[in-house]
Amino acid sequence: MGEVPAWLEAGAWGLLAGSALVLGAAIAWWVRVPRQVVAAIMAFGAGVLISALAFELVAEAERTGGLLPTAVGFLAGAGAYVLANVALDRHGARHRKRSGGHQPGPREQKGSGIAIAVGSLLDGIPESVVLGVSLLHGGTVGLAVLAAIAISNVPEGLSSAAGMKRAGRGPGYVFGVWGGIAAASGVAALLGYLTLESASPATIAVITAVAAGAILAMIADTMIPEAFERTHVLTGLITTVGFLAAFTIERLGH
């Protein structure tokens, strides 16, 4: 049996990480999880992601591409995410990761369902591209990055699906959205590998920095507010524990 092609491996890792969203949605649909628990997991996931993007993504991008390209890419990623998010907010996707009664139902705002789906896809694409890029030039998927994405995806899917359910959306819509995003995550990781296979290290560093900037903007815009609404003063402590957990995984991996 031959070795699995690297581009296929990239797609498989992206699909695996994206499947954590479906797991979170399934938990929210069939189990009544207290909102405080959802918020605590969200805070933990935010800390994990911050640690991974700081030590695995931005640091590596700066090492291979230099400080200025990394800084420019990082700011560009955050700016692009914010601009896209502003456009989606106007169509009802502002609270797509909120578990309470924040999301508009299909009768309250037309087009909000599509906006929420597109917004959720926007949140997941940068993470998936990073997974694909990490396999370039014989590399391996960083354990800390993979764990961070998977750990953060579960509460993201859980919180958003709970909000969708409260807004009156049916199981076909909810699992169609998250199943589609899981599949798109696999495709994004695969395309990230294929399109950048011949790219220079400097280019890869900039792309990695762009993805990291978008991820950080997403954390601040969607994950932290949901966590703080329920865990309040404990948010900082739980986020710190998540950061430390990911940092420990990254150091043990080395």
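As named in an unreviewed UniProt entry, the chain is Zinc transporter, ZIP family, taken from Amycolatopsis arida.

Undergrad: Quick one: what's the story with the packing of aromatic side chains, residue by residue and with numbers?
TA: Overall, the coordinates contain 4 aromatic pairs when judged by the stated rule. Judged by centre distance (6.0 Å) and plane angle (70°), the rings of tryptophan 29 and phenylalanine 175 are edge-to-face. A residue pair is termed long-range when its members are at least 10 positions apart, and tryptophan 29 in helix H1 (residues 6–30) and phenylalanine 175 in helix H6 (residues 171–195) qualify at 146 residues. Judged by centre distance (5.4 Å) and plane angle (25°), the ring pair of tryptophan 30 and phenylalanine 175 falls under stacked. On the criterion of sequence distance, the pair formed by tryptophan 30 in helix H1 and phenylalanine 175 in helix H6 is long-range, its members being 145 residues apart. A relative accessible area of 22% means that phenylalanine 175 is categorised as partly exposed. Taken together through their ring pairs, the aromatic side chains of Trp29, Trp30 and Phe175 make up a single cluster. The ring of tryptophan 29 has lysine 165 lying over it, and the distance from NZ or CZ to the ring centre is 4.9 Å. Cation over ring: arginine 169 sits above tyrosine 173, and NZ or CZ is 4.9 Å from the ring centre.

Undergrad: I'd love a proper account of the environment of valine 187, names of residues and values included.
TA: For valine 187, the position within the fold is in helix H6. Classification of valine 187 by relative accessible area gives partly exposed; the value is 45%. C-alpha of valine 187 to C-alpha of leucine 8: the two residues are 179 residues apart in sequence and 9.5 Å apart in space.

Undergrad: Residues and numbers for the nonpolar core, please.
TA: Leu49, Leu57, Ile219 and Met223 are the most contacted members of the largest nonpolar core, which totals 27 residues. Here leucine 49 is in contact with Glu127, Ala148, Ile149, Ser152, Glu156, Ile215, Met218, Ile219 and Met223, once residues within four sequence places are set aside. Counting 14 residues, the second-largest nonpolar core is a separate cluster that includes Leu21, Met164, Trp178 and Ile181.

Undergrad: How would you sum up helix H2 (residues 35–65)? Please name residues and give values.
TA: For H2, with 31 residues, the first-to-last C-alpha span of 42 Å sits near the 45 Å given by 1.5 Å per residue. At leucine 53, H2 shows its maximal kink, close to 35°. Once H2 ends, the next one or two residues include glycine 66, with phi positive near 100°.

Undergrad: Report on the layout of surface pockets, specifying residues and quantitative values.
TA: The probe, sized like a water molecule, is rolled over the atoms to show the empty space still left. Of the volumes computed, that of the second largest pocket is approximately 190 Å³. Every residue lining the second largest pocket is counted, 13 residues in all, and those nearest its centre are Ala28, Val31, Arg32, Ala162 and Arg166. The set of elements that each furnish at least two residues to the lining of the second largest pocket consists of H1, H2 and helix H5 (143–166). Its residues placed into classes, the lining of the second largest pocket shows 8 nonpolar, 1 polar and 4 charged.

Undergrad: Explain the packing of H2 against helix H7 (residues 201–231) to me, using residue names and the numbers behind them.
TA: Contact pair H2 / H7: the axes reach a minimum separation of 8 Å and the direction vectors enclose 160°. One way to sum up the angle between H2 and H7 is to call them roughly antiparallel. Of the two possible hands of crossing, H2 and H7 adopt the one that is left-handed. The residue inventory of the contact of H2 with H7, partitioned by class, reads 24 nonpolar, 6 polar and 3 charged.

Undergrad: How would you sum up the UniProt feature "transmembrane region" (unreviewed entry) in the chain? Please name residues and give values.
TA: Those residues carrying the UniProt feature "transmembrane region" (unreviewed entry) are residues 12–30, 37–55, 67–88, 173–196, 202–220 and 232–249 in this numbering. End C-alpha to end C-alpha, residues 67–88 measures 32 Å, and it is 100% helix and 0% strand. Counting secondary structure, residues 202–220 comes out at 100% helix and 0% strand; the distance between its end C-alpha atoms is 27 Å.

Definitions and cut-offs
- Residues numbered from 1 in each chain as written.
- Predicted model: local features only at pLDDT ≥ 70, side-chain atom pairs only at ≥ 80, totals over all residues.
- Heavy atoms only, no water.
- Phe/Tyr/Trp six-rings, centres within 6.5 Å; stacked < 30°, edge-to-face > 60°.
- Helix = DSSP H or I, 4+ residues; strand = E, 2+ residues; numbered from the N terminus.
- Buried < 20%, exposed > 50% of the residue type's maximum accessible area, 1.4 Å probe, protein only.
- Lys NZ or Arg CZ within 6 Å of the ring centre and 35° of its normal.
- Core = buried A, V, L, I, M, F, W, Y, C linked by side-chain atoms within 4.5 Å.
- Contact = heavy atoms within 4.5 Å.
- Expected span 1.5 Å × (residues − 1).
- Bend = angle between axes of the 7 residues up to and from the residue.
- 1 Å grid on protein atoms, 1.4 Å probe; cavity = no way out; pocket = protein on both sides within 12 Å on 5 of 7 lines; lining within 4 Å.
- Points joined across faces, edges and corners; volume = space filled by probe spheres on them.
- Nonpolar A, V, L, I, M, F, W, Y, C, P; charged D, E, K, R; others polar.
- Axes fitted to C-alpha atoms, helices over the stretch in contact; angles between N-to-C directions.
- Parallel < 35°, antiparallel > 145°, perpendicular 65-115°, else oblique.
- Left-handed = near helix turned anticlockwise from the far one by under 90°.
- UniProt positions renumbered as here; feature names shortened; annotations may be inferred.

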